[in-house]
Amino acid sequence: MSTLSVPPNLISPRQDAMDLYKAFKGFGCDTAAVVKILAHRDAMQRALIQQEYRSMYSEDLTKRLSKELSGKLETAVLLWMHDPAGRDATAVWLALQVSDVRGATEVICSRTPPQIQVFKQVYHAKFGVHLEQAIHNATTGDLKKILRAYIAVGRYEGPEIDLALAEKDAKTLYKAGEKRLGTDEDVFIQIFSHRSRAQLAAAAAAYHRIYGTELTKAVKKETSGDFEYALLTILRCAENPAKYFAKVLYKAMKGLGTTDTTLIRVVVTRTEIDMYYIKAEFHKEYGKSLGDWIHSETSGHYRTFLLSLVGTNH
């Protein structure tokens, strides 16, 4: 569920384009005006604004924004201007450019098969390389195997559950991990990449029922590093994606300093999907609203932009 607040009265994309052009003119950019417009327009409105801007001024709006804005605000706004598939493709590309394999893993392993199929196409169109090749170049070992398997398999994502299969998978995972000396990583890759979210969550429930321990704990015990991170992302998003992203945001802001790349990526890519539920999970888990945390960890127009996307605390 989206937290985006759009004006109750429809504003024409042409008027928005004119107001943005006005904000760019003169000495310095009226950044507050830019934020006020773009942080309160949905994906369709933003696309229409870009069309109108190009038609009226023979200039690409995103290129103008990159000239007028800077720093973290520029990063956030430019990512926001894409459609969902474009955002995911860009977020993965940006992460891989700086060897942030966990950032790329977070996006890939938290998306549904239809989302992955679309953003794979956009990735190739935008950056001239197939996502499979980009993963091959940027990763190694079991992480490479799970990511390549996860984007290749067209999993069914309906709500139906096969309880017998869930129990069989639980036992197979136990034999491949906790029961033996060493771990059969290929078994984990096979099951985690081929099962729907509902089916994997059912397997996790069966694992807990049969062996008295959480499957997440077994993953932590039997695997490590980036491979462990990928498996946990898949599993936690199968069980409760909002809770998963609430934890990602919390980790990005807790302690000294803020990991702004993570904060921007999650807020911008989830605002129009499930930010309402992420906010609820955040408050439930950490006893303070997500908006209050963002307010205390950011400043200026960057803060205003993120808070506009996240919405009010109530």
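Just so it is clear, the model here is predicted, and its values are computed rather than measured.

Draft legend 1. Looking closely at the pattern of salt bridges. According to the stated counting rule, one finds 22 salt bridges in the structure shown. A salt bridge links Glu132 to Lys120, with the nearest nitrogen and oxygen atoms 3.0 Å apart. With Glu132 in helix α9 (residues 131–138) and Lys120 in helix α8 (residues 113–127), this pair connects stretches of sequence that are 12 residues apart. Using a relative accessible area of 15% as the deciding quantity, one classes Lys120 as buried. The partner of Arg195 in a salt bridge is Asp169, with the nearest N and O atoms 2.6 Å apart. Of the two residues, Arg195 sits in the loop between α12 (185–194) and α13 (197–211) while Asp169 sits in helix α11 (residues 163–176), which places them 26 residues apart along the sequence.

Draft legend 2. Structural view of a positive patch on the surface. On the surface, Lys217, Lys220, Lys247, Lys251 and Lys254 cluster together to form a positively charged patch. Within the residue set of the positive patch, elements represented by two or more residues are α14 (215–222) and α16 (241–253). Inspection of the secondary structure puts Lys217 in helix α14. Owing to a relative accessible area of 54%, Lys217 belongs among the exposed residues under this scheme.

Draft legend 3. The packing of helix α1 (residues 13–24) against helix α2 (residues 31–38), seen in detail. For the pair α1 and α2, interaxial distance at closest approach is 8 Å and the crossing angle is 160 degrees. In terms of axis orientation, α1 runs roughly antiparallel to α2. By crossing handedness, the relation of α1 to α2 is classed as left-handed. For the pair α1 and α2, contact is made by Asp16, Asp19, Leu20, Ala23 and Phe24 and by Ala33, Val34, Ile37 and Leu38, respectively. Here the residues of the contact of α1 with α2 are counted per class, giving seven nonpolar, no polar and two charged.

Draft legend 4. View of the environment of Thr31. Within the element layout of this structure, Thr31 appears in helix α2. A relative accessible area of 15% means that Thr31 is categorised as buried. Not counting residues within four places of it along the chain, the set of residues in contact with Thr31 comprises Leu69, Leu73 and His301.

Draft legend 5. Quick look at the packing of aromatic side chains. Scanning the entire structure with this criterion turns up 16 aromatic pairs. For the ring pair Phe188 and Phe192, a centre distance of 6.2 Å and an interplane angle of 35 degrees mean the geometry is tilted. Remark: Phe192 and Phe188 occur in helix α12; sequence separation between them is four residues, near one turn of the helix. Taken as a pair, Phe188 and Phe192 share a single burial class, namely buried. A ring pair is formed by Tyr250 and Tyr286, whose centres lie 4.0 Å apart and whose planes are at 5 degrees; its orientation type is stacked. Of this pair, Tyr250 sits in helix α16 while Tyr286 sits in helix α18 (residues 275–286), and the two are 36 residues apart along the sequence. Of the residues examined, Tyr250 reaches a relative accessible area of 23% and is grouped as partly exposed. Put simply, the rings of Tyr21, Phe24, Tyr53 and Tyr57 pair up and form one aromatic cluster.

Criteria and thresholds
Residues numbered from 1 in each chain as written. Predicted model: local features only at pLDDT ≥ 70, side-chain atom pairs only at ≥ 80, totals over all residues. Heavy atoms only, no water. Salt bridge = Lys/Arg side-chain N within 4 Å of Asp/Glu carboxyl O. Helix = DSSP H or I, 4+ residues; strand = E, 2+ residues; numbered from the N terminus. Buried < 20%, exposed > 50% of the residue type's maximum accessible area, 1.4 Å probe, protein only. Patch = residues over 30% accessible without salt bridge, like charges linked within 9 Å, V, L, I, M, F, W, Y side chains within 5 Å. Areas by Shrake-Rupley, 256 points an atom, 1.4 Å probe, with all protein chains shown as cover. Lys, Arg positive; Asp, Glu negative; His and termini not counted. Charge placed at Lys NZ, Arg CZ, Asp CG, Glu CD. Axes fitted to C-alpha atoms, helices over the stretch in contact; angles between N-to-C directions. Parallel < 35°, antiparallel > 145°, perpendicular 65-115°, else oblique. Left-handed = near helix turned anticlockwise from the far one by under 90°. Contact = heavy atoms within 4.5 Å. Nonpolar A, V, L, I, M, F, W, Y, C, P; charged D, E, K, R; others polar. Phe/Tyr/Trp six-rings, centres within 6.5 Å; stacked < 30°, edge-to-face > 60°.

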